[in-house]
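# Residue-level structural notes
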Amino acid sequence: MASFYAEIKHKVLISFFKALIKFAPTAATPMSFVGAGSTAKLCQHISRMGVRKVLIVSDKPLVGLRIVATAGDVLAAEGVEVVIYDGVLPDPTFEVAAAGLSLQQQHRCDGVLAIGGGSAIDTAKTIAAAATNGADVKAMVGFFKAKVMPLPLFAIPTTSGTGSEVTFGAVISDAQTHEKHIVGDPKIVPRAVALDPALITGLPAPITAATGMDALTHAIEAYVSTWAAPQHDAYAVMAVKMIFSSLPIAYANGADLQAREQMSIAAYYAGLAINGAAVGNVHAIAHQLGAWYGTPHGLANALVMPRVLWFSKDAMSPRLAELADLLALGKTSDSVNVKAANFIKAVEDLNQTLGIRNKLPAIQQQDIAAIAARAVKEGAGYPVAKLMDQDDCETILRALSDGDSPAAT
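So, a few notes on the structure that sits alongside this text.

### Section: the nonpolar core
With 106 residues, the main nonpolar core has Met213, Ile285 and Phe343 as its most contacted residues. The element contributing the most residues to this core is helix H11 (residues 297-326), with 13 residues. Contacts of Ile285, omitting those with residues within four sequence positions, involve Val304, Val308, Ala375, Met388, Cys393, Ile396 and Leu397. Core analysis: the second largest hydrophobic core is formed by 20 residues, Ala71, Phe154, Ala194 and Leu199 among them.

### Observations regarding the side chain of Asp367
With respect to the helices and strands, Asp367 occurs in the loop between helix H12 (336-353) and helix H13 (368-379). Although buried, Asp367 forms no salt bridge, and the nearest oppositely charged side chain, Arg374, lies 10 Å from it. Looking at Asp367, its side chain comes within polar contact range of the side chain of Tyr293, at 2.7 Å. Setting aside its immediate chain neighbours within four residues, Asp367 contacts Trp292 and Tyr293.

### Some details on the sheet that holds strand E8 (residues 180-184)
Read from one edge of the open sheet, three strands run E5-E8-E7, paired in mixed fashion. On the outer flanks of this sheet lie strand E5 (142-143) and strand E7 (169-173), each paired with one strand and no other. Looking at chain direction, E7 and E8 are connected through five bridges and run antiparallel. Paired with Val171 across the two strands is Ile182, which belongs to E8. Of the strands in this sheet, E7 and E8 are in contact with helix H6 (residues 118-131), which crosses E7 at around 100 degrees.

### Things to note about the pattern of salt bridges
As a working rule, side chains carrying opposite charge can pair if their charged atoms are close by. This model, assessed by the stated rule, comprises nine salt bridges. In this structure, Lys53 and Glu81 form a salt bridge, with 3.9 Å as the shortest nitrogen-oxygen distance. One end of the pair, Lys53, is in strand E2 (residues 53-57); the other, Glu81, is in strand E3 (residues 81-85), with 28 residues separating them in the sequence. Residue Glu81 is classed as partly exposed on the basis of its relative accessible area of 43%. One salt bridge in this structure joins Arg398 and Glu394, with 3.0 Å as the shortest N-O distance.

### Observations regarding the packing of aromatic side chains
Tallied over the entire structure, the rule returns three aromatic pairs. Summarising the aromatic geometry, the rings of Phe143 and Phe144 are spaced 6.4 Å apart at their centres and angled 50 degrees between planes, so their arrangement reads as tilted. Judged by its relative accessible area of 36%, Phe144 is partly exposed. Look at Phe244 and Phe343: their rings are 6.1 Å apart centre to centre, the planes differ by 55 degrees, and that puts the pair in the tilted class. Placement of Phe244 in helix H8 (residues 230-252) and of Phe343 in helix H12 is noted, with a sequence separation of 99 residues between them. When the ring centre of Tyr223 is taken as origin, the NZ or CZ atom of Arg319, which lies over that ring, is 3.8 Å away. When the ring centre of Phe311 is taken as origin, the NZ or CZ atom of Lys386, which lies over that ring, is 4.4 Å away.

### Regarding the environment of Val83
Examined against the element boundaries, Val83 turns out to sit in strand E3. Classification of Val83 as buried rests on a relative accessible area of 7%. For Val83, the contacting residues outside a window of four places in its chain are Lys53, Val54, Leu55, Ile56, Leu103, His107 and Cys109.

### Quick word on the packing of H8 against helix H9 (residues 257-277)
Orientation of H8 relative to H9, taken along the N-to-C sense of each, is 150 degrees, at an axis distance of 8 Å. One finds that H8 runs roughly antiparallel with respect to H9. Remark: the crossing between H8 and H9 carries left-handed chirality. Of the residues in H9, those in contact with His232, Tyr235, Ala236, Met238, Ala239, Met242, Ile243, Ser246, Leu247, Ile249 and Ala250 of H8 are Ala259, Arg260, Gln262, Met263, Ile265, Ala266, Tyr269, Ala270, Leu272, Ala273, Gly276 and Ala277. Its residues placed into classes, the contact of H8 with H9 shows 18 nonpolar, four polar and one charged.

Criteria and thresholds
- Residues numbered from 1 in each chain as written.
- Predicted model: local features only at pLDDT ≥ 70, side-chain atom pairs only at ≥ 80, totals over all residues.
- Heavy atoms only, no water.
- Core = buried A, V, L, I, M, F, W, Y, C linked by side-chain atoms within 4.5 Å.
- Buried < 20%, exposed > 50% of the residue type's maximum accessible area, 1.4 Å probe, protein only.
- Helix = DSSP H or I, 4+ residues; strand = E, 2+ residues; numbered from the N terminus.
- Contact = heavy atoms within 4.5 Å.
- Lys, Arg positive; Asp, Glu negative; His and termini not counted.
- Salt bridge = Lys/Arg side-chain N within 4 Å of Asp/Glu carboxyl O.
- Polar contact = N/O pair within 3.5 Å; in protein donor to acceptor, adjacent residues only side chain to side chain.
- Pairing = 2+ DSSP bridges.
- Axes fitted to C-alpha atoms, helices over the stretch in contact; angles between N-to-C directions.
- Phe/Tyr/Trp six-rings, centres within 6.5 Å; stacked < 30°, edge-to-face > 60°.
- Lys NZ or Arg CZ within 6 Å of the ring centre and 35° of its normal.
- Parallel < 35°, antiparallel > 145°, perpendicular 65-115°, else oblique.
- Left-handed = near helix turned anticlockwise from the far one by under 90°.
- Nonpolar A, V, L, I, M, F, W, Y, C, P; charged D, E, K, R; others polar.

As structure tokens, this is what we get:
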């Protein structure tokens, strides 16, 4: 358990950040085109916005599947020249973003369109900001570094998880140190997005599961955040309800357009929730697993979340109980503690339904102390209800490495 000194330091730091945020510029909510065929509508909108040459930021698989061409063909028909950067990789590094920026500079693209998951969108955000602010991706690390408005940025998410299409943060990795860095600025939120379920019907079931649990993590961490407020709660609650009802359907039948659309909207709502309420200890640990072992972010969140919820349960039981009531788990007469436990068990059951095990074999025992140290440091910067210390985090990681029951840890 975190020391008294650490708890006080955390409360002071989080209170300071909360006060600072009140005076910070707010992120605008992107114009959203929703439903099958919304990709074409977004591309027409890009043309009407006056963009004449757009850099599409994506990855090779999406190019190969001609998902990028779905947008590129419409843009070309609208008179917009297209330059494709397909070098995005999971957990994008400074080098990945810099290569895309170089292409943008070379062709003098006046707009950026991200097509892909969170990695593509985060890369595009960094490129769009750096393009008008000195053409140095590393200089964008930190908060409010975009002194000049970024290039017009648009997004078509092809997974339903990160919510990056609506959040004001991007995560970029350092390939040498394995550290994750935040580019945070309201100016990097895309101006318009397309939530097109027709593009994601072919998403493999394991990726559907992992990205969906990523969205659920956002919604839950926003709801139990000490920064939670009614406007964040409204988005978080809608996302939780939609994910529990639609994710198992999308996982079992990827061609179900209604379930896919509901998941796209849920991820969008969850992104809006964390814009104001932030994330927590689940992300603090998951980020390190991605940096160390290349664990997909959604999968890492799914694996870590039940363990962190059990660890934090006593500090957030009332909020977890409210989520249990939302899903009609157990009896209305159950105690708050029982309801909270019911909700955590429902998260575990959802993981099981989605084929997500409770173990990450990639974790090496010799890495645990270093991973925990970085996770504890990151978690101390989040508005969490219960602060982790080194021993707490190492316990969670060891249990995750050998598959011990989360409830038992």
